[in-house]
Amino acid sequence: TKELGAHYLPLTIDPDWNITDTGSGYRFWPDKVKGEGFFLSCFQKKEGDTETSIRGKSKPELAGKKEMELIAHWVKTGQHQFIKYEQTVYAWPEALTDDFSLLLKQLRVIYSGTQAGELMRDKLVPDHALAMSTLVVDSAIRTGLTYEQAIRYLQRKELEWEDEKKGWQLVTYEDQPLGWVNVLANRVNNYYPKELRILKDSV
């Protein structure tokens, strides 16, 4: 704080909020407030420059022109920036790009924006997060499932149905997106995330 010319600024906290004042910040204990809990501290800059230069990692890598052509096949690209981390593509709202960039420089960010997919062999393999978003292009093939098919899909079991359309499809139940399948000539690959699957055999 001395380097930044700032000092600790106490906040007015309502006792009914059950927030613990530590003298240098505020703890939101999960057994006392709603949520997972976190710590907050407020500092006010009193001297020195009006702005502080924050140095950190280089700016995130933007998807290139050819990569954007692959992304646009699946994702509505308006009002979003597309960031690459290794081969993973994330869609960031343009209005929040500077904020996300700042957070990436200072924090270990596990997830940001909407994970659009993985760039593999000159194509984008769509991610489950994209299926659950509103960013899927209208031209993407959508296939409605029966209740029984939907349950099998959510159990991540094998699926069978006669469909002349091949390739990646967004499967739905009563117009609600469930996730992706890849329809091949002799089988249907179920790409529902393993960690989300229904474990019970009968529902």
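Source: prediction; values computed, not measured. (Residues numbered from 1 in each chain as written. Predicted model: local features only at pLDDT ≥ 70, side-chain atom pairs only at ≥ 80, totals over all residues. Heavy atoms only, no water.)

1. What to know about the overall build of the chain
For the chain, the helix and strand inventory stands at four helices and 14 strands. In terms of overall size, the chain is more extended than a compact globule, its C-alpha atoms giving a radius of gyration of 23 Å where 203 residues would be expected to give roughly 17 Å. Based on the C-alpha atoms only, the size of the chain along its principal axes is roughly 70 × 45 × 25 Å. Total accessible area computed for the chain in this model is approximately 14500 Å², and 50% of it derives from carbon and sulfur atoms. Each charge class in the chain can be summarised by its mean position, and for the 27 positive and 30 negative side chains these summaries are 4 Å apart. (Helix = DSSP H or I, 4+ residues; strand = E, 2+ residues; numbered from the N terminus. Rg over C-alpha atoms; globule rule 2.2 N^0.38 Å. Areas by Shrake-Rupley, 256 points an atom, 1.4 Å probe, with all protein chains shown as cover. Lys, Arg positive; Asp, Glu negative; His and termini not counted. Charge placed at Lys NZ, Arg CZ, Asp CG, Glu CD.)

2. Side note on the confidence of the model for the chain
Confidence in the prediction of the chain, expressed as mean pLDDT, is 88, and 92% of residues score 70 or more. Between the elements of the chain, mean pLDDT differs from a low of 83, seen in strand 5 (residues 43–45), to a high of 97, seen in helix 3 (residues 128–131). (pLDDT = per-residue confidence, 0-100.)

3. Details of the side chain of T97
Locating T97 in the fold gives a position in helix 2 (residues 97–106). Not counting residues up to four positions away in its chain, the partners in contact with T97 are Q81 and W92. (Contact = heavy atoms within 4.5 Å.)

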